[in-house]
Amino acid sequence: MEEELVDGKVDWRGRVAVRHKHGGMKVSLLVLGAFAFENMATLSLAVNLVSYFNSIMHYELADAANMVTNFMGVSYILSIVVAVLADTWIGRYKSVLFSGFFECLGLALLTVQAHSTNLRPALCNLYDKNAVCEKISGNHEAFLFIGLYLLAFGSAGLKASLPSHGADQFDERDPKEAKQMSSFFNGLLLAVCVGGSVSLTFNVWIQNSKGWDWGFGVSTIAIVLATIIFAFGLPLYRIHVAQRTNCIIEILQVYIAAIRNRNIPLPADSIELYEIEQDKEAAMELEYVPHRDIFRFLDKAAIERKSEKQEVPNPWKLCRVTQVENAKIILSMIPIFCCTIIMTLCLAQLQTFSVQQGFTMDTRITKHFNIPPASLPIIPVAFLIIIIPFYDRICVPLLRKFTGIPTGVTHLQRIGVGLILSCISMGIASIIEVKRKTVARDNNMLDAVPGVQPLPLSIFWLSFQYFVFGIADMFTYVGLLEFFYSEAPKGLKSTSTCFLWSSMALGYFLSSIMVQIVNSATKNVTASGGWLAGNNINRNHLNLFYLLLSLLSLINFFVYLLVSKRYKYRPQAPAVKGVNSMEGIYG
């Protein structure tokens, strides 16, 4: 029986990967396990670091919220840097190992600082108006930021490389493996939910009950386990060979060449545009993408002048049609990318201000057990753990019969559902905040101390906004990961998944900017000095801020409908099977 080779992938010894020996669904479970442990380590920090910065390091509430969103933003934006390195230099497998090391180092430094009283401010009651609480500063603040951003860099690397390496275990041109890859991306969200459920319960309980030194320590152990689990699969992985050419540079070359040739008329027939012969391409193991009649101005980069026909082409003056088409693909994805930024802006509020709302409310579940406010996202997470397998195993096959699409619905349809649900989530959040403030006012508790004098209102009222946004997560973020990976050029697979993380990074940065803009714009029209100013959330106007985000999300959704309707999916080349499959066409 002849072996079936996999184009463009090798095993750990550098030999061409064999389809039934390397990769597939079983080995991708190791990637999902590593991703679950990574989220176990970090998700509790995303929702609870505001409390750490506010109560332990003595930053003001708005400053603490901005520190968290800036940290999250940097973590996601750095994923682009790591992805480019993974695609063009060190490879995705090594990128995961290096990133795991840096994340462990950052968490270890934060553990040391949280444990040592000499590296942080003295304990102080921020809600005592007569207390003078010293904020962390100087070398101690520098120590905090070094640990925090080493953690951000390591987390960025894992987010950049793990999903792409997992997707590398499947051949999207093979019908069976295309379906498995769709299940893998659904499994990624399931891994986030499983790891997140532990993080939002056990980790948060450790942080609040045993101390932040124990909390950071548990996260450190989780990252060590994630790295070990991932490394264990080395003999079974299909490994992407790092391309020494930089695809980002190749896309820049298209724009430069198009500008240089801007005065040359386009040929009547696109077959006259420059391209290497396909049989020669197969021998050189290059990607081939057919010409499409979109963004025709970029086609000028592939106009071959008579004086250049006998010369080795200068890539800054003449580009292949495939190179031009790859640039078109990236350009056409940008509007989709931009429309998803605002969703993370909404997510940032659930991870910061909504947690602070929870501290003012009744957290009792039973007489002897209280749920930590930072653990509230466990409600949608627990629901997603149930609904994701249901969606993947029942809904997708059912939808596939009607639509004929391997993923059930198109990636863009899936993203759109999530965007409208995030709009609804912010509307619900605004209504719940009005109710919460009404209860505080009616009970004369506007100045009650959070956590000490809880309002007579259950924290589970906040679960509605978390629940709806959790469903939005399942549709939009997984849809985006799969969309970017499937549509991106071969040399930009890792970088393409970072479009999601970059979208999230910009959303977190935008959150910090929005908080400052809103506070500045409303400084003189509210008694609190701004909608979100000060430490007393009962005196703020968070409901109006949520309503503003809901309206912006609705406008964003209608813009998305327009740009998604105009998007044209890239053509996919069929998989080529057999012992000579390395001679196939890359698509």
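Since this is a predicted model, take the numbers as computed values, not measurements.

Asker: I keep staring at the overall build of the protein chain and nothing clicks. Help me out?
Answerer: In terms of helices and strands, the protein chain carries 16 helices and 5 strands. Compactness check: the protein chain gives a C-alpha radius of gyration of 26 Å against a globular reference of 25 Å for 587 residues, within 12% of the reference. Summarising its shape, the C-alpha atoms of the protein chain cover approximately 85 × 55 × 50 Å along the three principal directions. Here the protein chain, with 587 residues, has 57% of them falling under the buried criterion. In the protein chain, once contacts between residues fewer than 6 apart in sequence are set aside, the share between residues at least 24 apart is 81%. Carbon together with sulfur atoms contributes 65% to the accessible area of the protein chain, which is approximately 25000 Å² in total. Averaging the coordinates of the 49 positive side-chain charges in the protein chain and doing the same for the 43 negative ones gives two points 4 Å apart.

Asker: Is there a simple way to explain the packing of helix 5 (residues 175–210) against helix 12 (residues 378–403) in this structure?
Answerer: The description of two helices packed together rests on the angle between their axes and the distance between the axes. Where helix 5 meets helix 12, the axes come as close as 8 Å, and the angle between the chain directions of the two elements is 170°. Our classification of the angle between helix 5 and helix 12 gives roughly antiparallel. Both helix 5 and helix 12 take part in a crossing whose hand is left-handed. Contacts from K179, S182, S183, N186, L189, L190, C193, V194, G196, S197, L200 and T201 in helix 5 reach I378, V381, L384, I385, I388, P389, Y391, D392, R393 and R400 in helix 12. For the contact of helix 5 with helix 12, the class distribution of residues is 12 nonpolar, 6 polar and 4 charged.

Asker: Got a minute to help me understand the pattern of salt bridges in this structure?
Answerer: Any two side chains of opposite charge can pair if their charged atoms end up close together. Evaluated as defined, the whole model comprises 16 salt bridges. In this structure, the salt-bridge partner of E325 is R292, at a minimum N-O distance of 3.6 Å. Of this pair, E325 sits in helix 9 (residues 321–339) while R292 is found in the loop between helix 8 (278–284) and helix 9, placing the two residues 33 residues apart along the sequence. A relative accessible area of 0% means that E325 is categorised as buried. D293 is the salt-bridge partner of R296, the closest N and O atoms lying 3.6 Å from each other. The exposure class of D293 is exposed, given its relative accessible area of 60%. What you see here is one network of salt bridges that share partners, running through R292, D293, R296, D299, E325 and K328.

Thresholds applied
- Residues numbered from 1 in each chain as written.
- Predicted model: local features only at pLDDT ≥ 70, side-chain atom pairs only at ≥ 80, totals over all residues.
- Heavy atoms only, no water.
- Helix = DSSP H or I, 4+ residues; strand = E, 2+ residues; numbered from the N terminus.
- Rg over C-alpha atoms; globule rule 2.2 N^0.38 Å.
- Buried < 20%, exposed > 50% of the residue type's maximum accessible area, 1.4 Å probe, protein only.
- Contact = heavy atoms within 4.5 Å.
- Areas by Shrake-Rupley, 256 points an atom, 1.4 Å probe, with all protein chains shown as cover.
- Lys, Arg positive; Asp, Glu negative; His and termini not counted.
- Charge placed at Lys NZ, Arg CZ, Asp CG, Glu CD.
- Axes fitted to C-alpha atoms, helices over the stretch in contact; angles between N-to-C directions.
- Parallel < 35°, antiparallel > 145°, perpendicular 65-115°, else oblique.
- Left-handed = near helix turned anticlockwise from the far one by under 90°.
- Nonpolar A, V, L, I, M, F, W, Y, C, P; charged D, E, K, R; others polar.
- Salt bridge = Lys/Arg side-chain N within 4 Å of Asp/Glu carboxyl O.

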